[in-house]
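# Fold and geometry: a report
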Amino acid sequence: MRRSHSGNSTHVFTYRFLLSARKQAMLMTKLLKSTFIALLSLLLFACQTIMPPAKETLDTALIAPELPSPQEPDIIPDTTIETEPDSIKPQSPYSMKESVVDKTAISNIADSIRAEFTIRRGDLNDAYQGYFKIAQETQDKKAIKRAAEIASALNNINYIAQSSEYWLTLDPKEQQAYQLRFQALISTSQTKEAAQLLVKAMNNNLQTSFVNQEVSRNSREVEKINTIADAISLLPELYRNRLDILTVETRINFIQGDIEQAIENVRALQSRQGKKSVSADMYLILAFSQNQSGLPIDAIKTLEEAVRYHPDNLRLLTPLLDFLLVQGQLERADYYFEKASLERHQKSQLTLSYVGQMIENNFVENALDQLNEFDYQSSGLADQFHFLKANALALVDRKEEALVHLLQTNGILKSNATQQAALWMYELNQSEKINNMILSRINVPNGLDMVLEITSLHEEFKRLDLADELLFLTLQRYPDSDNIRYRRALVNEQIGLWFETEKELRFLIKKDAQNAQYLNALGYMLLSQPPRLDEAMTFIKSAHRLSPEDPAIIDSLGWGYYLQGNLELAINYLQEAWNLLNDPEIGAHLGEALWMRDANKASEVWQKSFEIDSSHKVLLETIQRLMPDSPLLQKETQTENTLTTENS
């Protein structure tokens, strides 16, 4: 039967612990949080303009109110300069010829309210246009700031470029505007303009931390990193020699793989700043550069020096312990681990990383000792510790104990732990317990994916009975799961339960008559029953109309024509399917059709199919039936004998 193969991935546990921090709330959320306050301010102001203002407040009465802006991300310093625009001075309310309230100001208030309401509705594009229009008409820096924030929430580079450029015309010393403008320029590869912007920022005595932020944000974006590097290379020597620019350049050198230049730059920073003042980041770059250059001892010395100047720094301690263990210096690593004085969560992170590194470097018993002493149930990382301990126990042939810890692993590691447990249960001859274990750990919707994975595992171990049992029991709990029902139909077809297969597939087709996969599966199954060839082709042709480029369906169609005796159409469709997908079963079919006309071509197709999968059942049966003396079969026999000898 034509079906999708979900290959069983090899579960190789890597013990490196990647440190992470909570992500900041998205700017969109922050915009919405400030909307109500902004609206209230605007409405109160609108009410105030109904009464004539006092003489002494005449010059400021109709200036647009300050809109509370959402809290800025930590990486963007808020250095907004508060100055009132001169272009929206009100007319005298005492003039008999003029309206009491400036119509332009009222229009701007209405536009602001409308823009805030569009944010509330989620229509940020209209909100951006509204605020940008206000900014153009009033030169109000608060309005353009709001527009820029909305542009960032949309991640719309055109809006970011437009708003930041205009913002800088209103306030050439606004730090956030430079950051956004720089982001837009590197996103569009405007190297020269980016360099000019950096010079302008430095001439205005502004921090260039936004360049570092962009390097961090785009560390895997090769083109953007290259643009930043090229922009820095265009800076005059005076600016390029600044410590902040040299720091950025060092990071870029490391990202681009220019290890020697990175080392040289860090040494220059140490010389100019003094080693104590060099940041932990620069020490990390130096240490990793040395390690990659084949100087692991120098890398260790660098990190030890860094820890003296930046004590109890998790980012420094983690690679230091790793490098020491790689060099077999367990006692030295233990010294730094025990000496570290970290807050509880960081200590848990360091312990998890350290234990993983010990396991990876074959200090398994030491790792288990450390795990036995550590109270990881209250660490907030219990799942990770259970998973780690299970793998450590397995390495010392204590898989029975390891299973206990795997089955206590939940959270994001639950699926991996469950699949690993099932595999070990096969190794421990406990396969009969697998299905109950799986059913006890299902949590919809991800749990049903787990069922499909374990079904594949049962198939690999030739336990189709267990595969069918698991799918059947899952369907009893979740009868509306079409994926589980479809998979059970495929398993029943392998077992030879044709009636059950047809029943399940017809049930699915009744629910979804336009599903090409269901139609093809039923049609392909019916091809094996000669009296029902016409019925089978009806289903397959319907599937082909719905999905004319699916190689599995095209193969079914070609194979159906072959069984009907239409060799011309059969070869055409089977060749088309083979051109789209070199699959062993398609190759078996095409070879058989070609065999009737050109045995050499058939043999070539079978040879290529055999190279893809030498154990494919349909392929081997086809070659055995039509070409029993084929050298391919002799190779397969030799392979089987070798495997049997190795297993013995």
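For the structure itself, consult the block above.
The rules behind these values
Residues numbered from 1 in each chain as written. Predicted model: local features only at pLDDT ≥ 70, side-chain atom pairs only at ≥ 80, totals over all residues. Heavy atoms only, no water. Helix = DSSP H or I, 4+ residues; strand = E, 2+ residues; numbered from the N terminus. Polar contact = N/O pair within 3.5 Å; in protein donor to acceptor, adjacent residues only side chain to side chain. Patch = residues over 30% accessible without salt bridge, like charges linked within 9 Å, V, L, I, M, F, W, Y side chains within 5 Å. Areas by Shrake-Rupley, 256 points an atom, 1.4 Å probe, with all protein chains shown as cover. Salt bridge = Lys/Arg side-chain N within 4 Å of Asp/Glu carboxyl O. Lys, Arg positive; Asp, Glu negative; His and termini not counted. Charge placed at Lys NZ, Arg CZ, Asp CG, Glu CD. Buried < 20%, exposed > 50% of the residue type's maximum accessible area, 1.4 Å probe, protein only. Core = buried A, V, L, I, M, F, W, Y, C linked by side-chain atoms within 4.5 Å. Contact = heavy atoms within 4.5 Å.

Let us now look at the environment of D281. Tracing the chain through its elements places D281 in helix α13 (residues 280–292). Sequence separation between D281 and R251 is 30 residues; the distance between their C-alpha atoms is 8.8 Å. Reaching out from D281, the side chain makes a polar contact with the side chain of R315 at a distance of 2.7 Å.

So, about a negative patch on the surface. On the surface, E338, E365, D369 and E373 cluster together into a patch of negative charge. With three residues, the top contributor of residues to the negative patch is helix α18 (residues 364–373). When you line up the elements, E338 lands in helix α16 (residues 330–339). Assessed through its relative accessible area of 54%, E338 is described here as exposed.

Counting residues in hydrophobic clusters, the biggest one holds 80 residues, and the most contacted among them are L316, L350, Y354, M358 and I438. In terms of residue count, the dominant contributor to this core is helix α15 (residues 314–326) (eight residues). Other than its neighbours up to four places away in sequence, Y354 contacts L321, L325, L330, A333, D334, F337 and Q370.

Right, let's get into the pattern of salt bridges. Within the structure shown, the criterion is met by 24 salt bridges. The partner of D482 in a salt bridge is K511, with the nearest N and O atoms 2.7 Å apart. You can see D482 sitting in helix α25 (residues 482–495) and its partner K511 sitting in helix α26 (residues 498–511), a full 29 residues away along the chain. Between E502 and R506 there is a salt bridge, with the nearest N and O atoms lying 2.9 Å from each other. Here E502 pairs with R506, and both are found in helix α26, just four residues apart, close to one helical turn.

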